[in-house]
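Reading the structure
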Amino acid sequence: MIAKKWISALLTAAVMTAALAGCGGQAVPEETAAGQTLAAAAEEKPEPVEVKAGVFYYYGQDAFISKLQDSVNTALEEAGIAYENYDAGNDQETQISSSRVCDLAAQAEIPVIFFNRAVESGGGEGVVLGGYENVALVISDPAEAGHLQGQMIGRYVADHYDEVDLNDDDVITYAMFKGEAENQDAVLRTASAVEDANQVLAEEERQELVYFDPDNSDRYQLDLNGTWSAKAAEEYMRTNLQLYTEADGNMIELIICNNDDMAEGCIRALQEQGYNTADSQVRIPVFGVDGIDSSLALIGDGLMTGTVKQDTGAIAACIALLAGNVHNGLELTAGTESYKKDTEHGLDNLIYIPYGDTVTVQDEEE
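Predicted, not measured: the structure shown is a model, and the values here were computed from it. (Residues numbered from 1 in each chain as written. Predicted model: local features only at pLDDT ≥ 70, side-chain atom pairs only at ≥ 80, totals over all residues. Heavy atoms only, no water.)

1. As for the side chain of Thr 336
Of note, Thr 336 is situated in the loop between helix H10 (312-327) and strand E11 (340-342). Polar side-chain contacts of Thr 336 include one of 2.6 Å to the backbone oxygen of Thr 333. Contact partners of Thr 336, with chain neighbours within four places excluded, come to Leu 321, Leu 322, Lys 341 and Ile 351. (Helix = DSSP H or I, 4+ residues; strand = E, 2+ residues; numbered from the N terminus. Polar contact = N/O pair within 3.5 Å; in protein donor to acceptor, adjacent residues only side chain to side chain. Contact = heavy atoms within 4.5 Å.)

Okay, structure coming up:
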């Protein structure tokens, strides 16, 4: 094993990222008895490099990020990669841009693996991932969660339309909790969830979903702190329930959240008003994304309606594969041919991890 190298990381702004990096040693060419150089032999069988990973998270208190961190820890340990975790605590001053991360890493000849959040906004594909060597991104397809969630919502509402339509006006009014304003996951989930749900309802000859607040042209509520937090959603929902009531006939009848944390916050606000408890006769459907354990338990108890599982194990396994490539002196993306890539933009280093199953109350009942 050659001299020790470090897989290091630098945190980017406004995205959940981790970076793992390292650099392999290069042999000095010498003629061998067979006429080959040692460098050529090294290309055939690279020499292992001892590495250490610095893994950076934007906010470890987020329930999904905590679950993902556990999965990454396990995968790196199983791969024999030493690591150290860092948490920015959602402090913008602690984070720097993805381009700056790559600039610094390139100067130090350190590969970088981003994960979980896009490092490029729509229209800017390839600026970072195509502009630097030894950089990769492991991410679930941002649009896929919205499509899966929308289809799940549409199917559930179609199957329970009269039950969900609390004021019997043949229209289902919904609330939407987005998360961050410009985050690609939040943007695409917000758009796709309602569009796909409405498509299912149209096929069933039902009315489209209608946003509960006609004065809100955005048709969503936003966590201004950018943490996708249960607290923000709970506070919004508590106010919503004071202004829009079942007694007045304009009750919010469906809640869509871009993650499970916000869904759980909404459920707490509903429970304060007597909804979505073990004893309540009326339960407002609440849908999330991520499949964290606490939300799966709520679905099992019939208090939350559905979620889309994000496969933390598969994300972590891919990260460990890339880190292992660094350890073994291989190309960063070696062995990733079976993964879906961003072929549209020619980015072989943008690796998509499929979402897992959707889970609903109906599944639990079956």
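We are not done yet, so read on.
2. A look at the layout of surface pockets
If you add up the space inside the second largest pocket, you get close to 400 Å³. Lining the second largest pocket are 22 residues, and of these Glu 125, Pro 142, Asp 342, His 345 and Tyr 352 sit closest to its centre. Contributions of two or more residues to the lining of the second largest pocket are made by strand E4 (135-140), helix H4 (142-159), helix H6 (184-203), E11 and strand E12 (347-353). Along the lines of polarity and charge, the residues of the lining of the second largest pocket split into 10 nonpolar, 5 polar and 7 charged. (1 Å grid on protein atoms, 1.4 Å probe; cavity = no way out; pocket = protein on both sides within 12 Å on 5 of 7 lines; lining within 4 Å. Points joined across faces, edges and corners; volume = space filled by probe spheres on them. Nonpolar A, V, L, I, M, F, W, Y, C, P; charged D, E, K, R; others polar.)

3. A closer look at the packing of aromatic side chains
Counted according to the given criterion, the structure contains 8 aromatic pairs. Pairing Tyr 174 with Tyr 211 gives two aromatic rings, centres 5.4 Å apart and planes at 75°, and the pair type is edge-to-face. On the criterion of sequence distance, the pair formed by Tyr 174 in strand E5 (residues 173-179) and Tyr 211 in strand E6 (residues 210-211) is long-range, its members being 37 residues apart. For the pair shown, Tyr 174 and Tyr 211 are each scored as buried. Taking 4.8 Å as the distance between ring centres and 45° as the angle between the ring planes, the aromatic pair formed by Tyr 211 and Phe 212 counts as tilted. A relative accessible area of 7% means that Tyr 211 is categorised as buried. (Phe/Tyr/Trp six-rings, centres within 6.5 Å; stacked < 30°, edge-to-face > 60°. Buried < 20%, exposed > 50% of the residue type's maximum accessible area, 1.4 Å probe, protein only.)

4. Quick notes on the packing of helix H2 (residues 63-78) against H10
Running from amino to carboxyl end, H2 crosses H10 at an angle of 45°, the nearest separation of the two axes being 8 Å. The angle between H2 and H10 falls in the class oblique. For the element pair H2 and H10, the recorded crossing hand is right-handed. Mapping the contact onto sequence places Phe 64, Lys 67, Leu 68, Ser 71, Val 72, Ala 75 and Leu 76 in H2 and Thr 312, Gly 313, Ile 315, Ala 316, Ala 317, Ile 319, Ala 320 and Ala 323 in H10. (Axes fitted to C-alpha atoms, helices over the stretch in contact; angles between N-to-C directions. Parallel < 35°, antiparallel > 145°, perpendicular 65-115°, else oblique. Left-handed = near helix turned anticlockwise from the far one by under 90°.)

5. Here we look at the pattern of salt bridges
If you walk through the whole model with that rule in mind, you get 12 salt bridges. As a salt-bridge pair, Lys 52 and Glu 84 come within 3.5 Å of each other at their nearest N and O atoms. Here Lys 52, found in strand E1 (residues 52-57), pairs with Glu 84, found in strand E2 (residues 82-87); they are 32 residues apart in sequence, far enough to count as distant. Residue classification places Glu 84 among the partly exposed positions, given a relative accessible area of 35%. Ionic pairing is found between Arg 189 and Asp 185, a salt bridge with its closest N-O pair at 3.7 Å. (Salt bridge = Lys/Arg side-chain N within 4 Å of Asp/Glu carboxyl O.)

6. Observations regarding the packing of helix H8 (residues 260-272) against helix H9 (residues 293-300)
Where H8 contacts H9, the axes come no closer than 9 Å and their chain directions differ by 45°. In terms of axis orientation, H8 runs oblique to H9. Where H8 crosses over H9, the handedness of that crossing is left-handed. Contacts from Asp 260, Glu 264 and Ile 267 in H8 reach Ser 294, Ser 295 and Leu 298 in H9. Looking at the contact of H8 with H9 residue by residue, the classes come out as 2 nonpolar, 2 polar and 2 charged.

7. Quick look at unusual backbone geometry
Leave glycine aside and you will find that most residues have negative phi; peptide bonds, for their part, are mostly trans. Phi is positive for Asp 170, which is not a glycine, with a value near 65°. Here Asp 170 shows up in the loop between helix H5 (161-164) and E5. Residues other than glycine seldom take positive phi values, yet Asp 290 does so here, at roughly 135°. Looking at the element boundaries, Asp 290 is found in the loop between strand E9 (286-287) and H9. By relative accessible area, Asp 290 is classed as buried at 6%.

8. So, the confidence of the model for the protein
Per-residue confidence for the protein gives a mean pLDDT of 84; residues scoring 70 or more make up 84%. Note that pLDDT drops below 50 for residues 1-42; the model gives that stretch 126 contacts with residues more than four away or on any other chain. (pLDDT = per-residue confidence, 0-100.)

9. Quick look at the environment of Lys 231
Turning to its location among the elements, Lys 231 is positioned in helix H7 (residues 230-243). Expressed as a C-alpha distance, the spacing of Lys 231 and Ala 269, which sit 38 residues apart in the sequence, is 9.9 Å.

10. Some remarks on the sheet that holds E4
Two modes of strand pairing occur in sheets, parallel and antiparallel, and in both the strands are linked by backbone hydrogen bonds. Pairing within the open sheet is mixed, and its 4 strands lie in the order E3-E4-E12-E11. Two strands close off the open sheet at either side, each with one partner strand: strand E3 (112-115) and E11. In this sheet, adjacent strand axes meet at a mean angle of 30° when their direction is disregarded. Relative to E4, E3 runs parallel, the two sharing 4 bridges. Paired with Ile 113 across the two strands is Ala 136, which belongs to E4. (Pairing = 2+ DSSP bridges.)

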